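Each chain is listed here by its residues.
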Amino acid sequence: MRTVLISGGGIAGPALAFWLHRHGFAVTVVERGPGLRPGGQAVDIRGVALDVVERMGLLEPARRVRTRMRGMSVLDADGKELSRSTEATFSSGRLDSDDFELLREDLVRLVYERTREDVEYLFGDTITALDEDEDEAGVRVDFERAASRTFDLVIGADGLHSTVRRLAFGPEERFAHHLGSYLSVFSADNFLGLEDWQVWLSDGDIGYGIMAVRDNTELRVAFGFGSEPRPRDADALRRTIVEKLASLRWEGKRLAQAALDAPDFYCDAMAQIRMDRWSQGRVALLGDAGYCPSPLSGQGTSLALVGAHVLAASLAGAPDDHAAAYARYEERMRDFVALNQSLATEHQGGPAPEAAMAHAKNALSLDD
């Protein structure tokens, strides 16, 4: 039985593990965090990704925990409502669409629960070195904590700041393209009293969207600001977010305190990963590690889910020829990735037009 190590326990890695196990591979997933990571923004499952989730048997479970927005309000800097909609929201698009939105942590949990009995998970560990044997018998992997092991294949599904990409392809700076802004996401008690509703406010180059989740007991806040690239210093970024929130006239102080207190606080640059190839020897990249479109596209989760299905199918179709399998994976995914990345780069002033989104999200068939 061929062995595969996947780095990354978010959405892309476990989704790939699901499909590889179904195709007869022995799969190990290594995740730096001590367990499933809480928090994160709401994510969308759109277009062909709906087919992937349905084939995984997760469509109905995912729909049961979807966000259930009734609409949204757009506010000025003083909190005065400028407009409202009960037909669409900025976070998920049209409310009458077959596409749907759920919290990232809920989707991660669903995929993990579907795979944990069949897949080996190594939490609280990370890869420190990759060494592909000269006789091409496999890849020797050194871990920070676990003993070294050899795998037939290694897949990096470890996000924008991928360790696998750095070890196999080189420094992140060669592939990351900053999009001129940062995004922070954190949770807070529902001190605004929102009920299945979201509000959006902008003030110059800073702004936020807030939605009620968890049966309206919690707020999920997504705060963005324009900036050139900054050092990856989590404490410094949190201080910056707290200061910028505190400067806002409407609810700034309470939001600043929530950002300061949030145990699930996250902040990172809005950036894309663009690479000429996603494989090197027996190593390949999946999802944000290879082709992050940035949250500005609204398509990162769909790309991860679709990419996992396509990569697994390609490997199953050529189980003894990883080079051919990786080539097929890239051939099928390249145009789909390019279209979805363009949603962020061509429409940075706001949500992509419906026609562009519809074309991008359905630009690949699982059965090609």
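Just above, that's the structure.
Computed from a prediction, not measured in an experiment: that's the story for all the values here. (Residues numbered from 1 in each chain as written. Predicted model: local features only at pLDDT ≥ 70, side-chain atom pairs only at ≥ 80, totals over all residues. Heavy atoms only, no water.)

Asks: Talk me through the environment of L201; I want residue IDs and the actual numbers.
Replies: Looking at where L201 falls in the secondary structure, it is placed in strand β15 (residues 197-203). Placed 93 residues apart in sequence, L201 and S294 show a C-alpha to C-alpha distance of 21 Å. In this structure L201 touches L75, D76, A77, G79, G207, Y208, L248 and W250, once residues within four positions along its chain are discounted. (Helix = DSSP H or I, 4+ residues; strand = E, 2+ residues; numbered from the N terminus. Contact = heavy atoms within 4.5 Å.)

Asks: Hey, could you go over the layout of surface pockets for me, with residue numbers and the actual values?
Replies: Taken as a whole, the second largest pocket holds about 290 Å³ of empty space. Lining the second largest pocket are 16 residues, and of these H161, E172, A176, P229 and A269 sit closest to its centre. Counting only elements with at least two residues in the lining of the second largest pocket, the list comes to β14 (176-189) and β18 (266-273). When residues of the lining of the second largest pocket are assigned to their parent elements, the largest contribution, four residues, is made by β14. (1 Å grid on protein atoms, 1.4 Å probe; cavity = no way out; pocket = protein on both sides within 12 Å on 5 of 7 lines; lining within 4 Å. Points joined across faces, edges and corners; volume = space filled by probe spheres on them.)

Asks: Give me the lowdown on helix α7 (residues 252-261), citing residues and values where you can.
Replies: By the burial criterion, the buried members of α7 are G252, L255, A256, A258 and A259. Along the axis of α7, the buried residues cluster in a sector spanning 160°; they form a single face. Summarising the geometry of α7, the exposed residues directed more than 90 degrees from the buried face are K253 and D261. The inward-facing, buried residues of α7 contact β14, β16 (206-213), β17 (218-226) and α6 (234-246). (Buried < 20%, exposed > 50% of the residue type's maximum accessible area, 1.4 Å probe, protein only. Arc of directions from axis to C-beta.)

Asks: Which residues make up the pattern of salt bridges, and what values do they have?
Replies: Across all of its chains, the model carries 18 salt bridges by this definition. In this structure, the salt-bridge partner of E172 is R165, at a minimum N-O distance of 3.5 Å. The exposure class of E172 is partly exposed, given its relative accessible area of 22%. Owing to a relative accessible area of 0%, R165 belongs among the buried residues under this scheme. (Salt bridge = Lys/Arg side-chain N within 4 Å of Asp/Glu carboxyl O.)

Remember that the coordinates give geometry; whether it matters functionally is a separate question.
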